[in-house]
Amino acid sequence: MAISDVQEKGSWLYIIDGNGKKSATISTSQGDLMGIGMDFIVFLKGSWYYTFDENGKKIATLSSSSGSFKNAAGNSFNLKRGSWIYTYDKKCKKTGTRAA
C-alpha cells in the first residue's frame, strides 16, 4: 500500500497509508525524516541514510558520503554530490546519474 503521510507525535512517527489509516509506528530515535516516497521513507541518522517500508521495517542502508539528500518521489530518492545528482531506489541501489 502507498504511503500518504508521516505524522510526528511526541517521540513517535506514524506512517499513514493511502486509506488514511495508520500502518506503522516508528520511533523518532531512528533519525531525522528526510523524505517520503510512494512506499518507503528515508531517514538520516549520523552518517547513514536508512530506508523503511510502509510497515516500519528497515529496507536498506546507505552512507551519507554518497551525497546530500535532495528529495524523494515515487520509487526513488535523489542525493547531490558535487555537480552530480545520484538517483537511488528504496533498496539504496543507484539507478541513475545526471549533471546537477
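Residues numbered from 1 in each chain as written. Predicted model: local features only at pLDDT ≥ 70, side-chain atom pairs only at ≥ 80, totals over all residues. Heavy atoms only, no water.

Caption draft 1: Spatial organisation of the overall build of the protein chain. Each helix and strand counted, the protein chain has zero helices and eleven strands in total. Helices (α) and strands (β) of the protein chain occur, in sequence order from the N terminus, as β-β-β-β-β-β-β-β-β-β-β. Relative to the globule expectation of 13 Å for 100 residues, the C-alpha radius of gyration of the protein chain, 13 Å, shows essentially globular dimensions. For the protein chain, the spread of C-alpha atoms along the principal axes amounts to about 40 × 25 × 20 Å. Per-residue burial for the protein chain yields a buried fraction of 38% across its 100 residues. (Helix = DSSP H or I, 4+ residues; strand = E, 2+ residues; numbered from the N terminus. Rg over C-alpha atoms; globule rule 2.2 N^0.38 Å. Buried < 20%, exposed > 50% of the residue type's maximum accessible area, 1.4 Å probe, protein only.)

Caption draft 2: How the structure looks around the packing of aromatic side chains. The final tally for this structure, using the stated rule, is five aromatic pairs. With a centroid separation of 6.2 Å and an interplanar angle of 50°, the aromatic rings of Phe40 and Phe77 are classed as tilted. Of this pair, Phe40 sits in strand β5 (residues 40-45) while Phe77 is found in strand β9 (residues 76-81), placing the two residues 37 residues apart along the sequence. (Phe/Tyr/Trp six-rings, centres within 6.5 Å; stacked < 30°, edge-to-face > 60°.)

Caption draft 3: Focus on the sheet that holds strand β6 (residues 48-53). Read across the open sheet, the four strands follow the order β4-β5-β6-β7; overall the sheet is antiparallel. If you trace the sheet from one side to the other, it starts and ends with β4 (32-36) and β7 (58-63), each paired once. Taking each pair of neighbouring strands and ignoring which way they run, the sheet shows an average axis angle of 25°. Two strands pair when backbone bridges link them, and β6 and β7 are joined in this way by five bridges, in the antiparallel orientation. (Pairing = 2+ DSSP bridges. Axes fitted to C-alpha atoms, helices over the stretch in contact; angles between N-to-C directions.)

Caption draft 4: Summary view of the environment of Ser23. The topology assignment puts Ser23 in strand β3 (residues 22-27). In sequence terms Ser23 and Gly46 are 23 residues apart; their C-alpha atoms lie 26 Å from each other. If near-sequence neighbours (up to four positions away) are discounted, Ser23 is found in contact with Ile15, Asp17, Glu54 and Asn55. (Contact = heavy atoms within 4.5 Å.)

Caption draft 5: A look at the pairing of strand β8 (residues 68-73). Pairing analysis gives five bridges linking β8 to β9, with the strands arranged antiparallel. Looking across to β9, one finds that Ala72 is bridged to Phe77. Where β8 hands over to β9, the hairpin turn is made up of two residues, of which Gly74 adopts a positive phi near 60°.

Caption draft 6: The pattern of salt bridges, seen in detail. Evaluated as defined, the whole model comprises one salt bridge. Between Asp39 and Lys90 there is a salt bridge; the shortest N-O distance is 2.8 Å. Of this pair, Asp39 sits in the loop between β4 and β5 while Lys90 sits in the loop between β10 (84-89) and β11 (94-99); the two residues are 51 residues apart in sequence, bridging distant segments of the chain. Asp39 sits in the buried class, given a relative accessible area of 17%. (Salt bridge = Lys/Arg side-chain N within 4 Å of Asp/Glu carboxyl O.)

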